[in-house]
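Breakdown of the fold
If you want the building blocks of each chain, they are given just below.
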Amino acid sequence: MIYVGIDVAKDKHDCSILGTDAEELYPVFTITNNREGFDELFEAIAETGADISEIKVGLEATGHYSYNLLGSLLDAGLTTYVINPLHTNLYRKGQSLRKTKTDKVDARSIAMMLITDRTLKPYSSTSYHNEELKSLSRYRFELVRRRARLKTAVSRLINILFPELENLVPTIHMSSIYALLIEMPGASQIAACHMTHLKHLLYTASKGHYGDEMADIIREAARSSIGSITPAKSLELKHTIKQIQALDTDIAEIESSIDVIMDSIGTPITTIPGLKNRMGAMIIAEVGDFSRFDNADKILAYAGLSPSTYQSGQLESSYSHMEKRGSRYLRYAIINATKFVCMYTPEFRNYLSKKRAEGKHYNVAISHAAKKLVRTIYRMEMTGEAYRG
């Protein structure tokens, strides 16, 4: 067997090629992150004379820096392993008491891991093609977080400019209220607006939901408002709402693309009540190929949802905290999916109630339900069966 370890960086990659007995077939060499560099790597591998089935290639999961190289390796038909950097870091430290870390050392450590660690699973083309779904779901995640921050800013500005408004409507984050505030970003502007125009604006923006009565209520509240007259804050409010509306459009477009991919995948996990395309897409994308995990507990560990363990001699920790060392996106998706599944699925709702009855805090009970959900998802993905309750 031939073992190739690659330490990935932005502009160059360090490569180590070892034989079956860990002998160095080539001195560790560096390739550039371009077509010439990739060709140089493939030529070095070809010179070993090994059959393609006898070659294993390993590289760290370094995000977008490894994406193009990983695609080239898979296209070449090479068995490729994508290894968690935490794993390689611990392995390297276990090889020596000295604090030695260089790119060349890392490349050899990765090759050595391929020789000694039989638990590693090869990266599949399924996982690679799921990268598009991962990119979309992560991009949506970041935009939703950005939108949430902007909505918080809107609430803050309204408390300055027209604090009474929040008590007049179910939520200020409605298209009709946004339309009102973009044109009149403050109580003083609303109070000075002609009544006919105010009624027409609210009626049109709310699609007939708000009529003359609501216009009168808002107008009277604006006239007696304690809100400050601050042009700078009014301008900030108007621009913030426009940013939210732009993000709404972008998020809707991304969600449409996610729906298309999810329909083509045909995953059974969306048959679980409460788990739809949004969180389902993030779970599918972050896990990738479920077959590379031996069991559901390894997915929990990958998501950082496993309890930490500390035991030494007679001392054993009685308070195990969640590790939170894996994919934050997967952890977020699983926890949030669990909350919705517990709302809409009797099996999980009863399980959550049982844990709460045992005296567990809500977040602890949700973490238990999340483990149950991951085991259910793992079984469904491995068998292809729909949820049966």
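Below or above, wherever it landed, is the structure these notes cover. Residue positions are given per chain, counted from 1 along the sequence in the order it is written. In keeping with the model being predicted, local features are shown solely for residues with a pLDDT of at least 70 and side-chain atom pairs are shown and tallied solely at 80 or more, while totals for entire chains, interfaces and linings include all residues. Each side-chain value is worked out from all heavy atoms of the structure, with water and hydrogens disregarded.

Section: the pairing of strand 5 (residues 79–83)
With five bridges joining them, strand 4 (residues 55–60) and strand 5 adopt parallel strand pairing. Bridge pairing in strand 5 places glutamate 60 opposite isoleucine 83. Chirality of the crossover, the property in question, places the unit of strand 4, helix 2 (residues 67–75) and strand 5 among those that are right-handed. Pairing between strands is defined by DSSP: at least two bridges between them are needed. Helix and strand definitions here come from DSSP, where helices need a minimum of 4 consecutive H or I residues and strands a minimum of 2 consecutive E residues; each element is numbered from the N-terminal end. When the strands point away from the viewer, a crossover counts as right-handed if the path from the first strand over the helix to the second runs clockwise.

Here's the deal with the sheet that holds strand 3 (residues 24–32)
Strand pairing in a sheet relies on backbone hydrogen bonds, with the paired strands running either antiparallel or parallel. Ordered in space as 3-2-1-4-5, the five strands form an open sheet in which the pairing is mixed. Whereas interior strands pair on both sides, the edge strands pair on one side only; in this sheet they are strand 3 and strand 5. For this sheet, the mean inter-axis angle between neighbouring strands, taken without regard to orientation, is 20°. The pairing of strand 1 (residues 2–8) with strand 4 spans five bridges and is parallel. When the bridges of strand 4 are listed, isoleucine 6 appears paired with leucine 59. Axes here mean lines fitted to C-alpha atoms, for a helix over just the part in contact, with angles spanning 0 to 180 degrees between N-to-C directions.

Side note on the packing of helix 1 (residues 35–46) against helix 2
When two helices pack together, their arrangement is given by the angle between their axes and by how far apart the axes lie. Contact pair helix 1 / helix 2: the axes reach a minimum separation of 11 Å and the direction vectors enclose 40°. Taken as axis vectors, helix 1 and helix 2 run oblique relative to one another. Regarding helix 1 and helix 2, the two cross each other, and that crossing is right-handed. The segment helix 1 lies against helix 2, with Arg35, Phe38, Leu41 and Phe42 engaging Asn68, Leu69, Ser72 and Leu73. Side-chain classes follow a simple rule in which Ala, Val, Leu, Ile, Met, Phe, Trp, Tyr, Cys and Pro form the nonpolar group, Asp, Glu, Lys and Arg form the charged group, and the remainder, Gly included, forms the polar group. When the residues that make up the contact of helix 1 with helix 2 are grouped by side-chain class, the tally is five nonpolar, two polar and one charged. Note that the term roughly parallel is reserved for angles under 35 degrees, roughly antiparallel for angles over 145, roughly perpendicular for angles of 65 to 115, and oblique for everything else. Two helices that cross are described as forming a left-handed crossing if the nearer one is turned anticlockwise from the farther one by less than a right angle, and a right-handed crossing if clockwise. Contacts are residue-level and defined by heavy atoms, with any inter-residue pair within 4.5 Å sufficient.

Regarding the pairing of strand 2 (residues 12–18)
Among the seven residues that make up strand 2, six are buried, leaving the element largely enclosed by the rest of the structure. Note that strand 1 and strand 2 share six bridges and pair antiparallel. From the neighbouring strand, isoleucine 6 faces strand 2, where its bridge partner is cysteine 15. Hairpin connection, strand 1 to strand 2: the antiparallel pair is bridged by three residues. Between strand 2 and strand 3, which pair antiparallel one after the other, the connecting turn spans five residues, and alanine 22 there sits at a positive phi close to 65°. Whether a residue is buried, partly exposed or exposed follows from its accessible area with a 1.4 Å probe, protein chains only, as a fraction of its type maximum: under 20%, in between, or over 50%, in that order.

Comments concerning a nonpolar patch on the surface
Here, patches come from residues exposed beyond 30% relative accessible area and free of salt bridges, joined within 9 Å for like charges and within 5 Å for nonpolar side chains (Val, Leu, Ile, Met, Phe, Trp, Tyr). Exposure was quantified through the Shrake-Rupley algorithm and a 1.4 Å probe, taking into account, for residues, occlusion by the shown protein chains and nothing else. When a carboxyl oxygen of Asp or Glu lies within 4 Å of a side-chain nitrogen of Lys or Arg, that pair is called a salt bridge. Among the surface-exposed residues, Phe340, Met343 and Tyr344 lie close enough to one another that they form a single nonpolar patch of about 340 Å² accessible area. Within the element layout of this structure, tyrosine 344 appears in helix 14 (residues 328–344).

What to know about the side chain of aspartate 289
Position of aspartate 289 relative to the elements: it lies in the loop between helix 12 (277–287) and helix 13 (296–303). When charges are counted, Lys and Arg are positive and Asp and Glu negative, with His and the chain ends excluded. For the buried aspartate 289, no salt bridge is present, and the opposite-charge side chain at shortest range is arginine 292, 6.4 Å distant. N or O atoms within 3.5 Å of each other form a polar contact, as long as, within protein, one can give a hydrogen and the other can take it, and as long as residues adjacent in sequence are counted only when both atoms are side-chain atoms. Polar side-chain contacts of aspartate 289 include one of 2.7 Å to the side chain of serine 291. Discounting chain neighbours no more than four positions away, the residues touching aspartate 289 are Ser124 and Ser127.

Quick word on the packing of helix 14 against helix 16 (residues 362–383)
Two elements in contact, helix 14 and helix 16, have axes whose closest approach is 9 Å; the angle formed by their N-to-C orientations is 95°. In terms of axis orientation, helix 14 runs roughly perpendicular to helix 16. Across the interface between the two elements, Ile334, Ile335, Ala337, Thr338, Lys339, Val341 and Cys342 of helix 14 pack against Tyr362, Ile366, Ala369, Ala370, Leu373 and Val374 of helix 16. Broken down by class, the residue content of the contact of helix 14 with helix 16 amounts to 11 nonpolar, one polar and one charged.

A closer look at the side chain of threonine 240
Looking at the secondary structure, you find threonine 240 in helix 11 (residues 231–265). Among all residues touching threonine 240, those that are not within four sequence positions of it are Leu150, Ala153, Val154 and Leu157.

Quick notes on the pattern of salt bridges
Applying the stated rule across the entire model yields 19 salt bridges. Between glutamate 24 and arginine 108 there is a salt bridge, and its shortest N-O distance comes to 3.9 Å. Residue glutamate 24 is found in strand 3, and its partner arginine 108 is found in helix 4 (residues 103–116); the two are separated by 84 residues along the sequence. For glutamate 24, a relative accessible area of 44% corresponds to the partly exposed category. Its salt-bridge partner being lysine 298, residue aspartate 294 comes within 2.9 Å of it at the nearest N-O pair. You can call aspartate 294 partly exposed: its relative accessible area is 43%. Taken together, the shared-partner salt bridges in this structure form one network comprising Arg140, Glu255, Asp259 and Arg278.

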